[in-house]
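Structural features, examined
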Amino acid sequence: MKILDRYILTSYLRTFFSVFVILMFIFVLQTIWLYIGELAGKDLDAEVIFKFLLYFSPKLVPLVLPLTILLTSIMTFGNFAENYEFAAMKSAGISLQRAMRPLTFFILLVSITAFFFSNNVIPAAEYKSINLRRNIAQLKPAMAISEGVFNDLGQINIKVEEKSGERGQYLKDVIIHKKNERRPGNYTVIKATEGELVGSTGSNVLSLILKDGNYYDEIIPDSPRDRQKKPFAKSYFEEYVINMDLSGFNDIDLDEENYSNSHNMLKISELTRTIDSFSTSYNEDLESFSRNMYSRTGVENLKRENTATEDTVIEPEKGILPLYETHEASQIVNLALGNVNGALVTVVGKRTELLQASKRLNKFEIALHEKYVLGFACIVLFFVGAPLGAIIRKGGMGLPMVIAVLLFLTYHFIGIFAKNSAEEGQISPFLGTWLSTLIMLPLGIFLTYRATTDQGLFSFSILFEPIKKLLKRTHIMGRSQKD
């Protein structure tokens, strides 16, 4: 390796690792702020908190790494240009492309590493973090309940005034609103003076043992007059046990929402198989529903009965109802309306189900493309930042930081909006994942061309050139008229 290549690479690497550590520290602090309600006051030791942050940190790399490359490129090449080192290189016959060569190989290596990191490390860290949260909730069951507020735990809302004990398992003054899928609202209330949480490792069931309390259940009578009296049933108990499923709290339940969240835990091969399976299931479900709705229309029965009514003359403007008696025609109309309303209800319900399945499938496809887009984004943002730093000729943490943050926020927000649109099915998952990077690609090509041809960021002569030509033409025409 030549001395110049070593100098450029060393300067870039020093800035790269410094910026990466600083940005990672900032984003980790943001993570602590987001999860402070889950971690604070839960009697967790330092080792558990460290593991939580360690497992969560890999998910920050897709944010930190592109921003690091963009900011480092602007700062490093801005320093070279500000200190006239590029001028010295050019006087020695070394172009900007030649100066960027060692860093290009380094960025290619970083992009390949980012791809394997996204495919292997991030899914493993996601799996570890979810299981760690589950184990925390099992070993520290009181983590699921905070004092003084109602906590939503699946089928119940629970409020406790005070917790005590080594793990906060002893509760005082417990109020529970029990949910009922058939009767939305707080119709069942349980009050107890004491309670105890009992959980075990390896189980998602948390047992709540209530002592010395009352059970209130509001009764809804059929008569509207009796409803005004607001009757309820009350019973006293010395001990009452409620088993609560904490899988929803830990995000590890097996319902559809779980599948929509589990895409972050899969590798490319697993995502490919899952997408194929979901696509096949979705198409089969759609085809089966189409056949079912077609059979409910009764078209086949009309075709079979058509031969029996060939001799009957039907006037199109009057339809078939005049062929029947009044009561029979009324029954036909009512039956038809019932069938249509039933079909509409079925279609609306199935539409919601298919939309959820489509959204779930889109999330898996987005997760698949995200494995590839991270490495490609590193390359594109390098070719945005490096020539931009050479053009603005300013190093340090001032102007380069402002420009890098503005560019990255633009890149990041476009990616978020596009990804949300892709999840809703408004655009394809491929376009939603790659849109922000594809927008930055022409910018990188434009800036690289301007920097390698020793041009500024933007030439104002392009704007004034047509005006100059117009003025010159007007002047020539004025002189010709005088002559």
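Please read all numbers here as calculations on a predicted model, not as lab measurements.

**Brief notes about the overall build of the chain**
What the chain contains, in helices and strands, is 14 helices and 6 strands. In the chain, which comprises 483 residues, the proportion classed as buried is 36%. Counting only contacts in the chain whose residues sit at least 6 apart along the sequence, the fraction spanning at least 24 positions is 69%. For the chain, the accessible area works out to roughly 29,100 Å², and carbon and sulfur atoms hold 59% of it.

**Some words on helix H13 (residues 429–452)**
Taking 1.5 Å per residue, 24 residues should reach 34 Å; H13 reaches 35 Å between its end C-alpha atoms and fits that length. For H13, the full list of buried residues reads Pro 429, Gly 432, Thr 433, Trp 434, Ser 436, Thr 437, Met 440, Gly 444, Leu 447, Thr 448, Arg 450 and Ala 451. The first or second residue beyond H13 is Asp 454, which carries a positive phi of 55 degrees.

**Comments concerning the UniProt feature "transmembrane region" (unreviewed entry) in the chain**
Per the UniProt record, the feature "transmembrane region" (unreviewed entry) sits at residues 12–36, 60–81, 102–122, 372–392, 399–418 and 430–449. In the segment residues 372–392, helix accounts for 100% and strand for 0%; the C-alpha atoms at its two ends are 31 Å apart. Note that residues 399–418 is 100% helix and 0% strand, and that its end C-alpha atoms are spaced 29 Å apart.

**Considering the nonpolar core**
Among the nonpolar cores identified, the biggest contains 55 residues, and Tyr 12, Leu 65, Ile 69, Leu 70, Phe 77, Phe 86 and Phe 382 are the most heavily contacted of them. Listed by contribution, the elements that provide at least two residues to this core are helix H1 (3–34), helix H3 (46–56), helix H4 (61–82), helix H5 (85–91), helix H6 (96–139), helix H11 (326–392), helix H12 (399–423) and H13. Residue contributions to this core peak at 12 residues, all from H4. Ignoring anything within four residues of it in the chain, the contact list for Phe 382 reads Tyr 12, Ile 69, Ser 73, Phe 77, Met 100, Leu 103, Thr 104, Ile 107 and Pro 387. Core analysis: the next-biggest nonpolar cluster, separate from the first, contains 17 residues, Val 160, Ile 176, Ala 192 and Leu 208 among them.

**Side note on the pattern of salt bridges**
Taken as a whole and assessed by the stated rule, the structure comprises 8 salt bridges. Residues Glu 424 and Lys 359 are paired through a salt bridge, measuring 3.4 Å at the closest nitrogen-oxygen approach. With Glu 424 in the loop between H12 and H13 and Lys 359 in helix H11, the pair connects residues that are 65 residues apart, well separated along the chain. Owing to a relative accessible area of 23%, Lys 359 belongs among the partly exposed residues under this scheme. Among the charged side chains, a salt-bridge network with shared partners connects Asp 285, Lys 350 and Glu 353.

**Quick look at the side chain of Thr 188**
Mapping Thr 188 onto the fold places it in strand E4 (residues 188–198). A residue is classified by how much of its surface remains accessible, and Thr 188, at 11% relative accessible area, is buried. One polar contact links Thr 188 to Asp 217, side chain to side chain, over a distance of 3.1 Å. Setting aside its immediate chain neighbours within four residues, Thr 188 contacts Ile 176, His 177, Lys 178, Tyr 215, Tyr 216 and Asp 217.

**What about a nonpolar patch on the surface?**
There is a patch of nonpolar side chains on the surface, built from Val 405, Leu 409, Phe 413, Ile 416 and Phe 417 and spanning about 430 Å² of accessible area. Among the structural elements, Phe 417 can be located in helix H12.

**Considerations on the packing of H4 against H12**
Interaxial distance between H4 and H12 falls to 9 Å at its minimum, and their mutual angle equals 145 degrees. Considering only the axes of H4 and H12, their crossing is right-handed. In this structure, H4 contributes Leu 63, Pro 66, Leu 67, Leu 70, Leu 71, Ile 74 and Met 75 to the contact, and H12 contributes Pro 400, Met 401, Ile 403, Ala 404, Leu 407, Phe 408 and His 412. Here the residues of the contact of H4 with H12 sort into 13 nonpolar, 1 polar and no charged.

**As for the environment of Thr 10**
Relative to the assigned elements, Thr 10 resides in helix H1. Owing to a relative accessible area of 34%, Thr 10 belongs among the partly exposed residues under this scheme. When the C-alpha atoms of Thr 10 and Leu 103 are compared, they prove to be 9.8 Å apart, with 93 residues separating the residues in sequence.

**Points about the pairing of E4**
Here strand E3 (residues 170–178) pairs with E4 via 8 bridges, running antiparallel. Looking across to E4, one finds that Lys 172 is bridged to Glu 194. Pairing of E4 with strand E5 (residues 205–218), which is carried by 10 bridges, proceeds in the antiparallel orientation. Paired with Lys 191 across the strands is Asn 214, a residue of E5.

The rules behind the values
- Residues numbered from 1 in each chain as written.
- Predicted model: local features only at pLDDT ≥ 70, side-chain atom pairs only at ≥ 80, totals over all residues.
- Heavy atoms only, no water.
- Helix = DSSP H or I, 4+ residues; strand = E, 2+ residues; numbered from the N terminus.
- Buried < 20%, exposed > 50% of the residue type's maximum accessible area, 1.4 Å probe, protein only.
- Contact = heavy atoms within 4.5 Å.
- Areas by Shrake-Rupley, 256 points an atom, 1.4 Å probe, with all protein chains shown as cover.
- Expected span 1.5 Å × (residues − 1).
- UniProt positions renumbered as here; feature names shortened; annotations may be inferred.
- Core = buried A, V, L, I, M, F, W, Y, C linked by side-chain atoms within 4.5 Å.
- Salt bridge = Lys/Arg side-chain N within 4 Å of Asp/Glu carboxyl O.
- Polar contact = N/O pair within 3.5 Å; in protein donor to acceptor, adjacent residues only side chain to side chain.
- Patch = residues over 30% accessible without salt bridge, like charges linked within 9 Å, V, L, I, M, F, W, Y side chains within 5 Å.
- Axes fitted to C-alpha atoms, helices over the stretch in contact; angles between N-to-C directions.
- Left-handed = near helix turned anticlockwise from the far one by under 90°.
- Nonpolar A, V, L, I, M, F, W, Y, C, P; charged D, E, K, R; others polar.
- Pairing = 2+ DSSP bridges.

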